[in-house]
2 protein chains.
Amino acid sequence: MNYDLLFYSVPAASIIALVFAFIFFRQMKKEDEGTPRMREIAQYVREGAMAYLKQQYKVVVVVFVILAVFFAILAYVFHIQNPWVPFAFLTGGFFSGLAGFVGMKTATYASGRTANAARKSLNKGLKVAFRSGAVMGLTVVGLGLLDISLWCVLLNFFVDEATLAQKLVTITTTMLTFGMGASTQALFARVGGGIYTKAADVGADIVGKVESDLPEDDPRNPATIADNVGDNVGDVAGMGADLYESYCGSILSTMALGASAFYAVSPEMQFKAILAPMLIAAVGVVLSVLSIFTIRTKEGAGMSQLLKSMSFGTNLAAILSGVATFGILALVFGTETNMWWQLSCSVISGLVAGVVIGKATEYYTSHSYKPTQKLAESSQTGPATVIISGVGLGMLSTAIPVIAIVFAIVLSYLFAIGFDVENMMTAANLAQGLYGVAIAAVGMLSTLGITLATDAYGPIADNAGGNAQMSELEPEVRERTDVLDALGNTTAATGKGFAIGSAALTALALLASYIEEIKIAIGRTAGALINGVDAASASILDVMAEYNVSLMNPTVLAGVFIGAMMAFLFCGLTMNAVGRAAGKMVVEVRRQFHEIKGILTGEGTPDYKRCVEISTKAAQKEMLVPSLIAIIVPIITGMVLGVAGVLGLLIGGLGAGFVLAVFMANSGGAWDNAKKYVEEGHFGGKNSECHHATVVGDTVGDPFKDTSGPSLNILIKLMSMVSIVMAGLSVAIEIL
Amino acid sequence: MNYDLLFYSVPAASIIALVFAFIFFRQMKKEDEGTPRMREIAQYVREGAMAYLKQQYKVVVVVFVILAVFFAILAYVFHIQNPWVPFAFLTGGFFSGLAGFVGMKTATYASGRTANAARKSLNKGLKVAFRSGAVMGLTVVGLGLLDISLWCVLLNFFVDEATLAQKLVTITTTMLTFGMGASTQALFARVGGGIYTKAADVGADIVGKVESDLPEDDPRNPATIADNVGDNVGDVAGMGADLYESYCGSILSTMALGASAFYAVSPEMQFKAILAPMLIAAVGVVLSVLSIFTIRTKEGAGMSQLLKSMSFGTNLAAILSGVATFGILALVFGTETNMWWQLSCSVISGLVAGVVIGKATEYYTSHSYKPTQKLAESSQTGPATVIISGVGLGMLSTAIPVIAIVFAIVLSYLFAIGFDVENMMTAANLAQGLYGVAIAAVGMLSTLGITLATDAYGPIADNAGGNAQMSELEPEVRERTDVLDALGNTTAATGKGFAIGSAALTALALLASYIEEIKIAIGRTAGALINGVDAASASILDVMAEYNVSLMNPTVLAGVFIGAMMAFLFCGLTMNAVGRAAGKMVVEVRRQFHEIKGILTGEGTPDYKRCVEISTKAAQKEMLVPSLIAIIVPIITGMVLGVAGVLGLLIGGLGAGFVLAVFMANSGGAWDNAKKYVEEGHFGGKNSECHHATVVGDTVGDPFKDTSGPSLNILIKLMSMVSIVMAGLSVAIEIL
């Protein structure tokens, strides 16, 4: 078989993705931006968003430079680290940031144009918004695959090891540090953007909606521009960097596990195992592009037809990708052994779990179903019961996703080892089973090109609504953009299910990669033994035995506690950051209402800039501590509690973090939709007591679902990535 | 050495505790109950509380009978369980319930008398309330030690094994099932009582305080009697059953670990290790009684002197107990080896962690410190920021307790093995180290007699305030009971620190006991081998190897996810239960305000009974599902995922559950005190907008801190207890 040809189909797919992204971008740019007022508003938002992103990148660059220098010292002075790490780390960060940047640039151009298209019809609005979302989706996967291919070529050229088998292990584990760069960038983007957007949103809601009965995005509200800027920097740029990290993380961890799982078998088998995830992703890109073109409806189509069309597109891509996986793996692994269909079944397990999580999310957070309707009903007894019921709902909603993930983990593992339950924990089966878990995550994200499009188009429609409102367009325009926004929320649920589920599986794969990396770090000492075995041939089980990694080891248990705590501590820091920043925003908006004459009648002009400044400063200042803690705690844990402690930390963080993330996302989503349900006229409708109670819920839910919750998925993986990159230090310095 | 004499000092200490409890009870009963109106109110509350408890016991008895029959079938029909289990289970449940019952009986007699005493002076009020709290404290420890001693004697007489060493293992593991009975009862009491009290409290607050501006405990509020009944069934009876479970659980798990850790050494050493925790507890009882007598102040003493006096008493008991531990362990283990001081240092590690957790709790939840003051300040921007900041505060507050517990685990383990870090995971050191962790928990709870008194006296003072308000006594009486209540909150922090910390350590010890129990279950098959070793001589590590209990086993990882989810699911169910029940209460109170003429002017009489009925029915109905889930999930996990899955479940539940419990307790506590801070006149004082915002926070915090949070500590241990008791079934039926 011509493996070169297979490999080069990966950069080819990435080019296809980037070309279509560029085409869609050009198409969008050609649309009319509307009235002068609309252009002006769009310009405000665009400038604010770009100004903020520049500020954020300034801070992030400093952090990246410091870390890169630190890695360089470890590598070149102390020789306890791979020499490629500083460069891989920097490129990962750069491309992750670039994915977010392109997505945001597109979104800020698209929202005004979407509003203008929505003046003509719902369908025109959909087309502009969705194609712009596709720009982001395709950019993320295109850049991801491009970077991965480039590093493969580069390292293949430069890395030199005694054996080919060892070389493949070194290449793939080196590339994981590229993932750490992406994760670090993503965490800053999610946390910074999340604080920015929610400070503005919460502040605008409290004074605007609750105290002054202004509608959403009313131009009289001084925080409204900041709110719209926030949607772009948080929901678009943050999400782009986040999913770039998830996408690359899943592929990279699978490649690394593939190289090590088949180390003892043959370099050819290793090569196949490395190639498989890349090919699944490459085919997914092509399927995504094709499916994007299926999303088109006739003029005059209603909401339900739009929904059908979008669901059809994403489902088509997912189903085709599942089917294609069988073909790809048969091609790569051949059909002589059972490997091709076993691993394909692992991928299917992951896909099914993703669908189940998505459906469960929809059930618990959409106001078409009972839970959110009951939540809305609880507003009849005031804001306190709305909060209590919302917290209860979110906590309950964790059950189905966890059960789905548990099935996915166990089944993808067992499929990969051909249900050899008796010997499920032999060294060979363990490595192969974990490879199955990892590749399931790749399957879930393979159609990210289209699922991210359905996710990213939501904030674009939301911003289009803001533009319509602020430009005082006809009310039906706002109504149409609201329909688009609501549609986006529904279709995005599946994408989110895949994102959350794949994060859990990838994090598991990274646990195994961490152990592999420890092995490599020990192996740097010539002639080193692990559990009495030569370092290079040692298995995961040998490393665990060497370091007493046992469930009853007190350092493991200590690590589990610290890991669980990290998830809460991180959320606490980000929640408090939003609380503080929103408080400042409220004070400022109140001041403006009080001091600027005629502001509420529309005669005075609010000082939008001050509000933008408050959000910018708060986000800048507050994003540092939580992000740095995520990097520092795993390093300290490694140095004090050793390898066993780090594994405990990662497992505790993964378990508690996953559940906490689902809880926060779903509570927040349900509060949001309960409010919308009341606004649709239930329990008294807009401006009733019940509405005010649900607005309190929605406001509390904002940082739950858009700041703390989504950051947790990155936190879980970043802690693993940091541990992997710092494995050398942890082996060199270990107190317990 | 005369070990018999040492052993009989344990029942002797229990008799001392019970005698003093009886004396204090008699003293309290002799106090005057006050005006006819006061007697009437007290009678209402007493009757309501007793009526509810009877109802609850009816449900619990059914559950206990079903479970006991199930255990009997497993033991006598399938022979896969210890034949003593059904009886031990029933007695554990009975005594746990009895401890709660006695405490509640005392509290309902004491609160009216405390109010009456407070009419004379603050000191008189303190004396009655505190001595009544001491009745509960001493009853819990007295009954606990009595039951443990009785079962020791009984099993020593009846159990027959091939060797003495084996006999001691069988006796101590059998006694653990007594702990499962206590835990089951405690969970029902905490959940049922917690739902009852918070449904009434939340309902009363929402309509009374927020909507009608009535003060707390106003007789015009129809939910006020239910609220006061709730304080007794939730905070007193629930807490009594809870701490009985903790107290016995810590001692029993240490005894079981002692018997197995020194199985290979000698029966004498086993005997010493079994005796040690009982003796530490027995001496703690005597020290508690002595310290209770030091709590007395001169007439006319102020708040700060009262606080000093109470802190002096509890600190004295803790310090003396720490010192005494060195003496007791020197006496038991002799001073030829280092064991005596090593284990004593383990105990000290636990005590220090308990103090640190207590101080951290105080810092984060008392309005004398910045966090709660800042929380109160956030009320200036409305209820939404109060909730956001409170959630943030609670999440942040988990860091210090987790770090304290991590230190306690690692240090108590390392002390116990003499810091033999190189060999920390040999089979012998593992068993001895875990014994050190377990005995640290015993040390933390040894002075429960007095710390529980400072905890239980709070609700008595609270109820006394209710009585004063409803009987329309002079305002200074209410002020005095409020001082007593506030005092109780502060002194209770340390006790709560010990309770939470010891729960974590005990749960860890139970993990080891679970593995031991699996060993015994396998050993029931004659000639069975574990990891190639004869079952009886197999170590914890052998059992783990046999069952592939490895951190990278997918069933372990699946278990960790399920465990973390259990903590959230359980809280979600209880939160929703409170939300639903409170909603019903609000509707009823609103109805009465609307339909009963003159109710708000005091001319009409509210229908208190209807509100009591609503709380009773809701608690009855809603407590079943969460409690049964806690029992059923570990059983199913054991049958499907096997031993490895169960260990994952228990560790995931422990890590996430501990952190979640601290978060919920501290958020709730801080919201409560932020409201009090505003009521003291900050940010506008009572009935200001800020006050209303903090009342929303306080209402949300009610189920956080009094229903879901405290139940988690029991859940963690109950899941372990269930797994231990069902080990036989899990060995017999195992799918993976």
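Residues numbered from 1 in each chain as written. Chains lettered and ligands numbered in written order. Predicted model: local features only at pLDDT ≥ 70, side-chain atom pairs only at ≥ 80, totals over all residues. Heavy atoms only, no water.

### Comments concerning the pattern of salt bridges
All names here are of chain B.
Next, step 1: Applying the stated criterion across every chain, the model contains 51 salt bridges over all chains.
Next, step 2: Here Asp 218 makes a salt bridge to Arg 220, at a shortest N to O gap of 2.8 Å.
Next, step 3: Owing to a relative accessible area of 6%, Asp 218 belongs among the buried residues under this scheme.
Next, step 4: For Arg 220, a relative accessible area of 27% gives the class partly exposed.
Next, step 5: Between Asp 698 and Lys 675 there is a salt bridge, with the nearest N and O atoms lying 2.9 Å from each other. Linking Asp 698 in helix α20 (residues 689–725) with Lys 675 in helix α19 (residues 624–679), this pair joins segments that are 23 residues apart in sequence. The burial state of Asp 698 is the same as that of Lys 675; both residues are buried. (Salt bridge = Lys/Arg side-chain N within 4 Å of Asp/Glu carboxyl O. Buried < 20%, exposed > 50% of the residue type's maximum accessible area, 1.4 Å probe, protein only. Helix = DSSP H or I, 4+ residues; strand = E, 2+ residues; numbered from the N terminus.)

### Let's talk about a nonpolar patch on the surface
All names here are of chain A.
Next, step 1: A surface patch of nonpolar side chains, amounting to about 760 Å² of accessible area, comprises Val 61, Val 65, Val 69, Ile 73, Tyr 76, Val 77, Phe 78 and Phe 87.
Next, step 2: Looking at which element gives the most residues to the nonpolar patch, the answer is helix α2 (residues 36–77), with 6 residues.
Next, step 3: By the secondary structure assignment, Phe 78 is in the loop between α2 and α3 (85–120).
Next, step 4: Looking at Phe 78, the relative accessible area reads 53%, which means it is exposed. (Patch = residues over 30% accessible without salt bridge, like charges linked within 9 Å, V, L, I, M, F, W, Y side chains within 5 Å. Areas by Shrake-Rupley, 256 points an atom, 1.4 Å probe, with all protein chains shown as cover.)

### Quick notes on the relation of the copies chain B and chain A
Next, step 1: When chain B is brought onto chain A, the operation consists of a screw motion whose angular component is 180° and whose axial shift is 0.0 Å, with 0.0 Å RMSD remaining. This pairing of chains is accounted for by a two-fold axis. Minimal C-alpha distance to the rotation axis in chain B is attained by Ala 656 of chain B, lying at 2.7 Å.
Next, step 2: Taken together, the interface assignments show that 100% of the residues at the interface of chain B recur at the interface of chain A, consistent with an identical surface on both copies. (Least-squares fit on C-alpha atoms with pLDDT ≥ 70 in both. Contact = heavy atoms within 4.5 Å.)

### Some thoughts on the confidence of the model for chain A
Next, step 1: Within chain A, residue pLDDT values average 92, and 100% of them lie at 70 or more.
Next, step 2: This prediction of the complex comes with two scores: 0.97 for pTM and 0.96 for ipTM. (pLDDT = per-residue confidence, 0-100.)

### A word on the side chain of Ser 14 of chain A
All names here are of chain A.
Next, step 1: Within the secondary structure, Ser 14 is located in helix α1 (residues 3–30).
Next, step 2: Given a relative accessible area of 0%, Ser 14 falls into the buried group.
Next, step 3: Setting aside chain neighbours within four positions, we find Ser 14 in contact with Gly 142, Leu 145 and Leu 146.

### Quick look at the side chain of Gln 432 of chain A
Next, step 1: Take Gln 432 of chain A: it is sitting in helix α13 (residues 427–445).
Next, step 2: What Gln 432 of chain A contacts, discounting residues up to four positions off in sequence, is Ala 261, Phe 262, Met 339, Ala 416 and Ile 417 of chain A.

### A look at unusual backbone geometry
In terms of backbone geometry, most residues other than glycine have negative phi values and most peptide bonds are trans.
Residue and element names in this part refer to chain A.
Next, step 1: With phi around 55°, His 79 is a residue other than glycine that occupies positive phi space.
Next, step 2: Structurally, His 79 can be placed in the loop between α2 and α3.
Next, step 3: Assessed through its relative accessible area of 55%, His 79 is described here as exposed.

### Describing the interface of chain B and chain A
Next, step 1: Taken together, the contact pairs 82 residues of chain B with 82 residues of chain A.
Next, step 2: Here chain B is connected to chain A by 0 salt bridges.
Next, step 3: Along the contact surface separating chain B from chain A lie 2 residue pairs in polar contact (both at pLDDT 80 or more).
Next, step 4: No other element matches helix α17 (residues 554–595) of chain B, which puts 21 residues into the side of chain B that touches chain A.
Next, step 5: Classifying every residue of the side of chain B that touches chain A by side-chain character gives 65 nonpolar, 16 polar and 1 charged. (Polar contact = N/O pair within 3.5 Å; in protein donor to acceptor, adjacent residues only side chain to side chain. Nonpolar A, V, L, I, M, F, W, Y, C, P; charged D, E, K, R; others polar.)

### Structural notes on helix α19 (residues 689–725) of chain A
Residue and element names in this part refer to chain A.
Next, step 1: The terminal C-alpha atoms of α19 lie 53 Å apart, and with 37 residues this matches the ideal 54 Å at 1.5 Å per residue to within 8%.
Next, step 2: Of all the bends in α19, the largest measures some 35° and sits at Gly 701, one to four residues before the proline Pro 703.
Next, step 3: For α19, the buried fraction is high: 35 of the 37 residues fall into the buried class. (Expected span 1.5 Å × (residues − 1). Bend = angle between axes of the 7 residues up to and from the residue.)

### A closer look at the packing of aromatic side chains
Next, step 1: All told, the structure shown has 53 aromatic pairs over all chains when counted by the stated rule.
Next, step 2: Judged by centre distance (4.8 Å) and plane angle (50°), the rings of Tyr 52 of chain A and Tyr 196 of chain A are tilted. A residue pair is termed long-range when its members are at least 10 positions apart, and Tyr 52 of chain A in helix α2 and Tyr 196 of chain A in helix α5 (residues 164–212) qualify at 144 residues.
Next, step 3: The buried category is assigned to Tyr 196 of chain A, whose relative accessible area is 0%.
Next, step 4: An angle of 55° between the planes, with centres 5.4 Å apart, marks the rings of Tyr 363 of chain B and Tyr 369 of chain B as tilted.
Next, step 5: For Tyr 369 of chain B, a relative accessible area of 34% translates into the label partly exposed. (Phe/Tyr/Trp six-rings, centres within 6.5 Å; stacked < 30°, edge-to-face > 60°.)

### Observations regarding helix α4 (residues 122–158) of chain B
All names here are of chain B.
Next, step 1: With 37 residues, α4 should cover 54 Å at 1.5 Å per step; its first-to-last C-alpha distance of 54 Å lies within 8% of that length.
Next, step 2: Within α4, 29 of the 37 residues are buried, which leaves the element mostly enclosed by the surrounding structure.
Next, step 3: Put simply, Ser 121 is the residue that caps the front of α4, since its side-chain oxygen is 3.4 Å from the backbone nitrogen of Asn 123.

### Topic: the packing of helix α10 (residues 370–377) of chain A against helix α18 (residues 608–679) of chain A
Residue and element names in this part refer to chain A.
Next, step 1: Closest axis-to-axis distance for the α10/α18 pair is 8 Å, and the angle between their directions is 65°. As far as their axial angle goes, α18 and α10 are roughly perpendicular. Note that α10 runs across α18; the crossing there is right-handed. Together, Thr 372, Gln 373, Leu 375 and Ala 376 of α10 and Ala 670, Trp 671, Asn 673, Ala 674, Tyr 677 and Val 678 of α18 make up the contact between the two elements. (Axes fitted to C-alpha atoms, helices over the stretch in contact; angles between N-to-C directions. Parallel < 35°, antiparallel > 145°, perpendicular 65-115°, else oblique. Left-handed = near helix turned anticlockwise from the far one by under 90°.)

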